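Analysis of the macromolecular model
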Amino acid sequence: DRDYIGFATLPEQIHRKSVKRGFDFTLMVVGESGLGKSTLVNSLFLSDLYKDRKNPDVSEKIKKTTSIEKKTMDIEERGVKLRLTVVDTPGFGDALNSEDSWRVCCNYIDEQFRQYFTDESGLNRKNIQDNRVHCCLYFIPPYGHGLRQLDVEFMKKLHQKVNIVPVIAKADCLTAPEIRKLKQRVLAEVAEHEIHIYQFPECDSDEDEEFKQQDKELKASVPFSVIGSNIVIEVEGTRVRGRQYPWGVVEVENPKHSDFTKLRNFLITTHMQDLKDVTEDVHYENFRAQCISQISQ
Ligand code: GDP
Ligand code: MG
């Protein structure tokens, strides 16, 4: 059984001062209901964040609007503290009007920037809690033929505000060639619509060959195909997270079955700090510049 998720390498990603204070990281998950967002989050962080959640009640179903659901957990691994927040967006895409969907996410992200901006100009600048959204996993359905209008609209409205990392949901619904084709299609459409998804930083030239190879494979996997499951199954004597089908078991962490492990390593072990840096240096800086130009007008 794997009983750790890998963020204890964070000290290697950043200097000691922040290690003592602990890390804040916020992940937003966006995509239509039923694409496996909650299941994936639980699989990623080995926890049942949504276990007390009941099925949406009738009134929720009738409303059909996007809402924001925020969960925070403090986790510690080998003395490193991480305050992880997951922002879920139930109801996304359910409204007839697609503006409802992106606007709610957009407002939430802006609101966190505004709060940070206010705190930063206040007296207690040293202990600001960073609630800014550092990464947005955008779930693309496996059964379409690429991006839909809703997907394009969402990404275009938010790509200047947050690091968008597209994922192909429920990858076990597709064969390997179908996954390859859908990935190519999504990337072509991202380019065609001039959408700026998160750009991986160049790999340092002094890294070893193995690291460089892994980095290359990581970049080549975007948009990551993912599979989630809340169930642990025994496969040949080892217990794995998986989905049991009549014909066999799909294993969440098996790299032959999906890019789940790549995505988790990316988010937690290798690129968490870069996602935070880009948020600070690019997205937040854009927001700040706008605030300042408004004030001076
Ligand atoms: P959400 O509405 O996006 O949060 O989706 P949920 O996580 O609640 O999952 C919706 C349904 O899809 C549940 O029945 C899950 O068991 C199922 N599901 C979740 N992840 C996967 C997956 O990777 N593959 C398949 N085939 N089904 C999944
Ligand atoms: Mg959900």
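From a predicted model like this one, the values you see are computed outputs, not experimental measurements. (Residues numbered from 1 in each chain as written. Chains lettered and ligands numbered in written order. Predicted model: local features only at pLDDT ≥ 70, side-chain atom pairs only at ≥ 80, totals over all residues. Heavy atoms only, no water.)

Moving on: the packing of aromatic side chains. Tallied over the full model, the rule gives 11 aromatic pairs. Pairing Tyr-198 with Phe-266 gives two aromatic rings, centres 5.7 Å apart and planes at 55 degrees, and the pair type is tilted. In this pair, Tyr-198 is assigned in the loop between α7 (176-192) and α8 (209-220) and Phe-266 in helix α9 (residues 260-270), connecting sequence segments 68 residues apart. Of the two residues, Tyr-198 and Phe-266, neither departs from the other in class, the shared state being buried. Relative to Trp-247, the ring of Tyr-245 has its centre 5.1 Å away and its plane inclined at 5 degrees; by these criteria the two rings are stacked. (Phe/Tyr/Trp six-rings, centres within 6.5 Å; stacked < 30°, edge-to-face > 60°. Helix = DSSP H or I, 4+ residues; strand = E, 2+ residues; numbered from the N terminus. Buried < 20%, exposed > 50% of the residue type's maximum accessible area, 1.4 Å probe, protein only.)

This paragraph deals with the pattern of salt bridges. Within this structure, the stated rule accounts for 17 salt bridges. Note that Arg-103 is salt-bridged to Glu-99, the shortest N-O span being 2.5 Å. Placement of the pair is Arg-103 and Glu-99 together in helix α5 (residues 98-120), with a separation of four residues, close to one helical turn. Looking at Arg-103, the relative accessible area reads 36%, which means it is partly exposed. Lys-262 is paired through a salt bridge with Asp-259; the nearest N and O atoms lie 3.9 Å apart. Here Lys-262 falls in the partly exposed class, since its relative accessible area comes to 26%. Taking relative accessible area as the criterion, Asp-259 reaches 7% and is therefore assigned buried. Taken together, the shared-partner salt bridges connect Glu-32, Arg-148 and Asp-151 into one network. (Salt bridge = Lys/Arg side-chain N within 4 Å of Asp/Glu carboxyl O.)

Time to look at the sheet that holds strand β4 (residues 135-140). Reading across from one edge, β2-β3-β1-β4-β5-β6 is the order of the six strands in this open sheet, with mixed pairing throughout. At either end of the open sheet lies a strand with only one pairing partner, and these are β2 (69-77) and β6 (224-225). Where strand β1 (residues 23-30) and β4 come together, four bridges link them in parallel fashion. Note on β4: the bridge partner recorded for Leu-27 is Cys-135. Along the sheet, helix α6 (residues 149-158) makes contact with β1, β4 and β5 (164-168), crossing β4 at roughly 170 degrees. (Pairing = 2+ DSSP bridges. Contact = heavy atoms within 4.5 Å. Axes fitted to C-alpha atoms, helices over the stretch in contact; angles between N-to-C directions.)

The next point concerns the site of ligand 1. If you check the shell around ligand 1, you find 14 residues, and the closest are Gly-34, Lys-37, Ser-38, Thr-39 and Asp-172. Here Gly-36 contributes a backbone N or O atom positioned 3.0 Å from an oxygen atom of ligand 1. At 3.2 Å, a side-chain N or O of Lys-170 approaches an oxygen atom of ligand 1. Taken by itself ligand 1 offers 580 Å² of open surface, and the protein chains cover 70% of this. Mapped onto the shell around ligand 1, the elements with two or more residues apiece are α3 (37-44) and β8 (238-245). (Near = heavy atom within 4 Å. Polar contact = N/O pair within 3.5 Å; in protein donor to acceptor, adjacent residues only side chain to side chain. Areas by Shrake-Rupley, 256 points an atom, 1.4 Å probe, with all protein chains shown as cover.)

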